[in-house]
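# Coordinate inspection notes
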Amino acid sequence: MGEGQGQSALVRAGYNVLSRAYRADIADDATQGQYAEWLGNVRDRAPACADVLDLGCGNGIPAAKWLSDNGFRVTGVDLSDTMVERARELVPEGTFLRGDVTSVDEVAFDVGSFDAAVSFFALIHVPVTDQPGVLARAARWLRPGGLFVATVGHTACSCTDNNWLGGTPTSWSHPGAATYRAWIESAGLAIDRERFVPKGSSGHTLFIATRER
């Protein structure tokens, strides 16, 4: 098993074991409000009843549920079997697929399938060497003028927590906001907004971008 495959297997196993420890069936007010702010960009800019892709959808709470409740047709993809099973129960109007976004054999959509794509706290789990390709494919899946909203690691990190949430190992890898900026632009997305999102002693960067026509 290669290094990237090993990281993906570790992340998948971790979320399978700690799915409920990571996210309950109902989001707390702070989480709900934060996601609603980010997803408001989709509500304000995408067509009514738009097709939206949620990469790393988890159990569908809160992003996929918010999108579905606001009239969007949501398709979610996640690495964790347990998360996808829960998403299907918690957001029955959505479509949820278990798959590795780095593999074209597992996750592939037609060019121009979606009006918007979102990805929150998920790309940081993808092997860093695979992330430019994931961003490029996500951009191709968007229709011209389609919206991309995602959080990525603000600083460079390649790290493993052997006791994540007190129960299992997991890992993260991200090169920092400046590199993500370059990758997003290379994928054919024009960055509309970039904002630091603090978390603990560090944080993430929120990017809002549009597929060039």
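Right, let's walk through the structure included here. Note that the structure is a prediction, hence the values are computed from the model and not measured. (Residues numbered from 1 in each chain as written. Predicted model: local features only at pLDDT ≥ 70, side-chain atom pairs only at ≥ 80, totals over all residues. Heavy atoms only, no water.)

### Observations concerning the overall build of the protein
A tally of helices and strands in the protein yields 7 helices and 9 strands. The C-alpha atoms of the protein give a radius of gyration of 16 Å, which matches the 17 Å a tight globule of 213 residues would have. Seen along its three principal axes, the alpha-carbon backbone of the protein occupies a region of about 45 × 35 × 35 Å. Residue pairs in contact within the protein that sit at least 24 positions apart in sequence constitute 66% of those at least 6 positions apart. Entry remark: accessible area of the protein is about 9,600 Å², with carbon and sulfur atoms responsible for 49%. One way to put it: in the protein the 19 positive side-chain charges average out to a point 3 Å from where the 25 negative ones average out. (Helix = DSSP H or I, 4+ residues; strand = E, 2+ residues; numbered from the N terminus. Rg over C-alpha atoms; globule rule 2.2 N^0.38 Å. Contact = heavy atoms within 4.5 Å. Areas by Shrake-Rupley, 256 points an atom, 1.4 Å probe, with all protein chains shown as cover. Lys, Arg positive; Asp, Glu negative; His and termini not counted. Charge placed at Lys NZ, Arg CZ, Asp CG, Glu CD.)

### Brief notes about the packing of aromatic side chains
Taken as a whole and assessed by the stated rule, the structure comprises 11 aromatic pairs. Ring centres of Tyr-15 and Trp-164 lie 4.9 Å apart, and the angle between their planes is 70°; this geometry places the pair in the edge-to-face category. With Tyr-15 in helix 1 (residues 3-17) and Trp-164 in strand 6 (residues 156-164), this pair connects stretches of sequence that are 149 residues apart. By the burial criterion, Tyr-15 is buried, and Trp-164 matches it. Summarising the aromatic geometry, the rings of Tyr-35 and Trp-38 are spaced 5.4 Å apart at their centres and angled 40° between planes, so their arrangement reads as tilted. (Phe/Tyr/Trp six-rings, centres within 6.5 Å; stacked < 30°, edge-to-face > 60°. Buried < 20%, exposed > 50% of the residue type's maximum accessible area, 1.4 Å probe, protein only.)

### Observations concerning the side chain of Ser-113
Residue position: Ser-113 is located in the loop between strand 3 (95-98) and strand 4 (114-119). Here the side chain of Ser-113 touches Asp-110 through a polar contact of 2.6 Å, landing on its backbone oxygen. Residue contacts for Ser-113: discarding those within four places in its chain leaves Asp-51, Trp-141 and Arg-143. (Polar contact = N/O pair within 3.5 Å; in protein donor to acceptor, adjacent residues only side chain to side chain.)

### What about the pattern of salt bridges?
Scanning the model with the defined rule gives 12 salt bridges in all. Here Arg-86 and Asp-25 are joined by a salt bridge, their closest N and O atoms 2.7 Å apart. Taken as a pair, Arg-86 in helix 5 (residues 81-90) and Asp-25 in the loop between helix 2 (19-22) and helix 3 (29-45) lie far apart in primary sequence, 61 residues in all. The exposure class assigned to Arg-86 is buried, which follows from its relative accessible area of 5%. Overall, the relative accessible area of 35% leaves Asp-25 in the partly exposed class. Where salt bridges share partners, they join Asp-51, Arg-73, Asp-115 and Arg-143 into one cluster. (Salt bridge = Lys/Arg side-chain N within 4 Å of Asp/Glu carboxyl O.)

### Quick look at helix 7 (residues 177-186)
Among the residues of helix 7, Ala-177, Tyr-180, Trp-183 and Ile-184 are the ones counted as buried. Angularly, the buried residues of helix 7 cover 120° about the axis, an arc narrow enough to put them on a single face. For helix 7, exposure combined with an orientation more than 90 degrees from the buried face picks out Ala-178 and Ser-186. The inward-facing, buried residues of helix 7 abut helix 6 (131-141), strand 5 (142-153), strand 7 (168-175), strand 8 (189-199) and strand 9 (202-211). (Arc of directions from axis to C-beta.)

### A closer look at the sheet that holds strand 8
The 7 strands are arranged 3-2-1-4-5-9-8 in an open sheet whose pairing can be described as mixed. This sheet does not close on itself; its edge strands, each paired only once, are strand 3 and strand 8. Neighbour-to-neighbour, the strand axes of the sheet open up by a mean angle of 15°, direction not taken into account. Here helix 5 sits on the sheet and contacts strand 2 (73-78) and strand 3; the angle it forms with strand 3, its principal contact strand, is near 170°. Along the sheet, helix 7 contacts strand 5, strand 8 and strand 9; its crossing angle with strand 8, the most-contacted strand, is approximately 155°. (Pairing = 2+ DSSP bridges. Axes fitted to C-alpha atoms, helices over the stretch in contact; angles between N-to-C directions.)

### Observations regarding the packing of helix 6 against helix 7
The interhelical angle for the contact between helix 6 and helix 7, taken along N-to-C directions, is 40°, at an axis separation of 9 Å. The orientation of helix 6 relative to helix 7 falls into the category oblique. Relative to helix 7, the crossing made by helix 6 is right-handed. Every residue of helix 7 that contacts helix 6 at Gln-131, Pro-132 and Leu-135 is listed here: Tyr-180, Trp-183 and Ile-184. Class assignment of the residues belonging to the contact of helix 6 with helix 7 gives a composition of 5 nonpolar, 1 polar and no charged. (Parallel < 35°, antiparallel > 145°, perpendicular 65-115°, else oblique. Left-handed = near helix turned anticlockwise from the far one by under 90°. Nonpolar A, V, L, I, M, F, W, Y, C, P; charged D, E, K, R; others polar.)

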